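Fold and geometry: a report
One-letter residues, chain by chain:
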Amino acid sequence: MAGEGLRAGALRGALVVVAVLLLFGAGLWTVSRIGPAPAGPGTEPGPEAGVVDEEDPLAVTVVPPRVPPGTESVRVAAACAEPPERTTAQSAAFMDSVAFARAPSGTAMYADAELDPELPPGRYHVFALCGTRFGSAELEIEGRKGPEPKRTATTRITLTPARPGDWRDHPDGERLGAEFGPGWIVFRVQVTHEVRVPADDPDVAALRAGAAGYDPSTFVSDRLGSFSVRAPRSILSLGYAAPVVRTDSGAREAVITYTGLDYGAVDPRESSSVGVAYDPPGAEGVPRLDSHEIVVLATGWTVAGVSGPPPLAQEAHLLRLDGGDRPARVAFIRDGRTGPMAYFLNEDQDMAAYLEGTDPEDQGIEQVERTPGLLGMEPGTFLERAWMAALVAGLVAAVLLLLVTLARALGRPWWRRRRNWVLAVMAGGGYGWYLLAGGADLPAFLLVAGLPALALLSALRAAGGRSDLPRAGAAVAAALAGLVLGAWPLAASFGGGPAAGVLAVAAGAAGVTAAVPRLRRLFPPAGLVLLGAGAMLAGMAAVAGHAPPSLMWLALMVVGWDALVFGWATEASHRWSAGSAARWVAAATVVCGAQVYVVMEPDARSTWTSPTPEDLFVVAETVAFMSMPLLALAMLVVRVRRLGGSADGLTEPAAFHTAVLLLLLTRAQASDPVAGIMILLVWAGVVVLLPAPRAELLRAVPPEEHRRLVRDLIRRRSARAALTALLRQPGEGDDFEQRRQALERAGDEHEGPLDSDLALTTLAGRTPWQNALASLGVGAALSLPFSVVRISESLQGLQAGPQEVAAAALALLSLPALSMVSGYFYPRVRGTTPVAKCLAFFLAALLVELPTYVYTLVRTSIAQDGWVVPPTADGALVGVLVAAGNIAVVSIGLGLWWEWRLTWLAGEPWGRIRDVRTLRALAAPLAAVAIAAATTAATAMVNNVIAPLPSGPPAAEATSTPTRTP
């Protein structure tokens, strides 16, 4: 028997070795069918010759590059592996558009382009685009004789007074709503570049192809240099119209004209000047000019100063310069006037002050940025420095508080598992690198690749043999990853159809092992086999020098995200159900996809099915630094839901610190300098709301006991009310004393281990999670009207952008989140009655909500923003009262709702607890109605009382440096 077992084992081992060898050989054969990537023209063969970087320019070849007149066609080749429909080429020499086909190698495209038989001799440029890569080549028609015309340019700059309506000639003139204000002298600067180049110059071909139609300024500055106008007041900055190309039939020279306009203004009551600055071109790969002359003409203005190369000629209203490789600056002053100019010419305040004999602080005609102090304080003062120190200390304390709360929210059992140490190190290192070093690409890919594997491993360990679901989920993830990895080399070798068939057969075989009960134990090995085969094929193709497509990486990220959601959701919820896991994966994938869709903006170079490497970086960073933290936070909430299924959730430290973490994160806005102080105030509000728990209130109270406690509370309250009425009546004697003592006993005695006076502070037969959901719904409904008004005010003020809306949502959700936390820990909330607890909730909400609201009002008041109308002092005060009134309405309404709910759960009418016939019992409801009415009236009658949504720190204020007066 032992010998037979050994023989069977040896046979199985031999079969496995043969299968691996066959698979390896099939992989080699598959990879060998992928054609090598072609090298560009002029490159030497070598080990890297077959590798094409997607960032390199497209290698375009015209065969033959020189042809005689009358040639019918030439062949255009491009070293690119994109599909033929994504490859295009154009040239003035082509009769029509060209159709590309794939070369036999599979990684190059070619097309036969028909030439115009009437083409004159000269050079013609061919532009080609393959996927996201652009390249060009030259085609020369023989027959040209004589020297090439030189590339020369003449720039004429004219400074003249502007006439009414002149600014409509500016490219952006129609956007200016009205004439400039009276009392200012408006001037016009026209910059005209006349460039003479050969008729077959690359710039001529580029302009004819529309290169400068959308952004002429960049095209001009790359070739002729950057020109700018400096003035005390700018109306319309220098803008260029579409260039004009002039050439004649048979001419060997073309003339390109660029025309730009600038409008500015000066105050005649001040001594000021106007400057024109020239910076030479610095773009690489652009043909240089043989000569460039700059001519400056001024009408009504005097050439008062010049820096840079020595002028070729200079007069009062004329200046000629050599536009070479040195920057130049020219300053003008109105005829017969004076003004500062030394700072503009030299850009040195001390030197300008020495030359002009003035104070260095008075130098400059440019607009400079002055950053105001915090909250409008004067920079450098003691108050501003003290406030800055408080902000820094608060931020450090808030960061430490967040880290400690997060560590305690994970819980001691989580930290005892050593497998979670790797997760903590990886997540802490990745996010720490991202926050401190600023690099996001490498940590993003490490997190996207590593966390899914750790999640599956942790789910397998957490199941502990209770369920096979984690093992099946890991097998599905491995199989999908293997199919994605193998799809690329198979499609590149055999085409899309055969590759799809092979993958379908492999997926079907794995599916059969998962569907048939007798073969189900083979499903995990089948998934590993698919993963190994796919990894082997992809690795062989990569070693052979073939770059995987971006779509493969995107598909792997999708598989990894689904595996991460599956692992975390099953472990956090302990629901070993395939349906529950599938719902979590579907919902989380939709949310992550929405985030990626908002952040990622494919341009003309890419699509969702063929993303560029830059798009992959964006997707990885979005998943790693947006989706994964949100998923982790959601999983903490899922675990709180599991812990909140019984009364033990009230005393569970992990549940308590998770709730605190949720509230702290509603104020963790990284762009706000006071986020640290706001976080500390939220923590103080939690301390006010949830004191040390009382043991008698933390036990489970069944519905029958809750009903008995409420009825006993009603009995005791009735006895106390009768005793109060008896004591108010004059009486004496034994009968009076007996009645008094009986009522006192009836009011003091209670049945059971729990005092019935605390009947309205228990779980009332419900779980903490059920109470949390109910309280969340009521809190959201009560705070919804004020939140809607606040959002509408911000949107009308154009203050909410995509990023600001996310931060503002956290601020608007803080009050419902606080309601949810108070509902979850309702027995622990300070107070012994629902109305007393609502007072504690009100104080905590003031600490959580009101400081942020007041800070937003203050920041709006000091912001220098033309879109925002700052509120007056009275309006701000009313706004604060309105916010406090909204908090009061939510607090009182929540307390009354809890009172009604607890009596309803006991099967008793609410009127037996709160008698509507007495004024004292109606105090709380009437107060809530009065505050709500006052809040609504104040909101409708006073403008700008609703603080806008938080949208980051105030922007820097731009102010002009004072000019020197005569």
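The sections below set out a description of the structure shown in this document.

Reading the values: the criteria
Sequence order sets the numbering: in each chain, residues are counted from 1 along the sequence as written. For this predicted model, a pLDDT threshold of at least 70 governs which residues receive local features, and a threshold of 80 or more governs which side-chain atom pairs are given and counted, while totals over whole chains, interfaces and linings are taken from all residues. As a convention, hydrogens and water are excluded, and side-chain values are obtained from all of the structure's heavy atoms. Numbering of helices and strands runs from the N terminus; a helix is a DSSP stretch of H or I covering at least four residues, while a strand is a stretch of E covering at least two. The buried label goes to any residue with under 20% of its type's maximum accessible area, the exposed label to any with over 50%, and the partly exposed label to all in between, with areas taken from a 1.4 Å probe on protein chains only. Throughout, a residue-residue contact means that at least one pair of heavy atoms, one from each residue, lies within 4.5 Å. Accessible surface is estimated by sampling points in the Shrake-Rupley manner with a 1.4 Å probe; for residues, cover comes only from the protein chains shown. In this analysis, rings of Phe, Tyr and Trp, with Trp reduced to its six-membered ring, are considered paired at centre separations within 6.5 Å, and the interplanar angle assigns stacked below 30 degrees, edge-to-face beyond 60, and tilted for intermediate values. Note on geometry: a ring has a charge over it if NZ (lysine) or CZ (arginine) is within 6 Å of the ring centre and within 35 degrees of the ring normal. In this scheme, strands are said to pair when DSSP sees at least two bridges between them. In this description, a line fitted to the C-alpha atoms serves as the axis of each element, helices being fitted only across the stretch in contact, and the angle between N-to-C directions of two axes falls anywhere from 0 to 180 degrees. Here a helix's expected span is defined as the number of its residues, less one, multiplied by 1.5 Å. For the purposes of this analysis, a disulfide is any pair of cysteine sulfur atoms at a distance within 2.5 Å. A patch consists of residues whose relative accessible area exceeds 30% and which take part in no salt bridge; residues with like charges are grouped when within 9 Å of each other, and nonpolar side chains (Val, Leu, Ile, Met, Phe, Trp, Tyr) when within 5 Å. Any carboxyl oxygen of Asp or Glu that lies within 4 Å of a side-chain nitrogen of Lys or Arg is treated as forming a salt bridge with it. Working definition of a nonpolar core: buried Ala, Val, Leu, Ile, Met, Phe, Trp, Tyr and Cys residues. They are joined through side-chain atoms within 4.5 Å.

Looking now at the overall build of the protein chain. Scanning the protein chain from N- to C-terminus turns up 24 helices and 22 strands. Counting all 966 residues of the protein chain, 43% fall into the buried class. The long-range share in the protein chain, meaning contacts at least 24 apart out of those at least 6 apart in sequence, stands at 74%. Carbon together with sulfur atoms contributes 62% to the accessible area of the protein chain, which is approximately 48800 Å² in total.

Enumeration over the complete set of coordinates arrives at twelve aromatic pairs. When the centroid spacing of 5.0 Å and the interplanar angle of 40° are considered together, the rings of Phe227 and Tyr278 count as tilted. Here Tyr278 lies in strand β15 (residues 274-279) and Phe227 lies in strand β11 (residues 226-230), a separation of 51 residues in the sequence. Each member of the pair, Phe227 as well as Tyr278, is classed as buried. The rings of Phe656, Tyr824 and Phe825 are connected pair by pair, giving a single aromatic cluster. Its end group placed over the ring of Phe219, Arg223 keeps NZ or CZ at 3.6 Å from the ring centre. The positively charged end of Lys837 is found above the aromatic ring belonging to Tyr826, 5.0 Å away from the centroid.

With that settled, the discussion passes to the side chain of Thr257. With respect to the helices and strands, Thr257 occurs in strand β14 (residues 253-266). The contact partners of Thr257, leaving out residues within four places of it in the chain, are Thr192, His193, Pro243, Val244 and Arg246.

The next subject is the sheet that holds β15. Ordered in space as β11-β15-β20-β17, the four strands form an open sheet in which the pairing is antiparallel. If you trace the sheet from one side to the other, it starts and ends with β11 and β17 (301-307), each paired once. The sheet shows a mean angle of 20° between the axes of neighbouring strands, direction not considered. Relative to β15, β11 runs antiparallel, the two being bridged by five bridges. Paired with Val229 across the bridge in β15 is Val276.

Given a rise of 1.5 Å per residue, 13 residues ought to cover 18 Å, and the 18 Å separating the end C-alpha atoms of helix α16 (residues 653-665) matches this to within 8%. In terms of burial, α16 is largely enclosed, as ten of its 13 residues are buried.

Looking now at the state of the cysteines. Summed over all chains, the structure comprises one disulfide. Two residues, Cys80 and Cys130, share a disulfide whose sulfurs are 2.0 Å apart. Note on the Cys80 and Cys130 pair: the S-S dihedral is about -90°, so by sign convention the disulfide is left-handed. Here Cys80 is found in the loop between β3 (73-78) and β4 (87-90), whereas its partner Cys130 is found in strand β7 (residues 122-130), with 50 residues between them in sequence. Just as Cys80 is buried, Cys130 falls in that class too.

Now for a nonpolar patch on the surface. Taken together, the side chains of Met388, Val392, Leu395, Val396, Val399, Leu400 and Leu403 define a hydrophobic patch exposed on the protein surface, amounting to about 610 Å² of accessible area. As for its position among the elements, Leu403 is in helix α6 (residues 382-410).

Our focus in this paragraph is the nonpolar core. Counting residues in each nonpolar core, the largest one holds 98 residues, and the members touching the most others are Trp561, Leu564, Val623, Met628, Leu690, Phe825 and Phe841. With twelve residues, the single largest contributor to this core is helix α15 (residues 613-643). Apart from the residues lying within four places of it in its own chain, the contact partners of Phe825 are Gly649, Leu650, Ala655, Phe656, Ala659 and Leu690. Membership of the second largest hydrophobic core comes to 37 residues, among which are Val189, Val191, Leu207 and Phe227.

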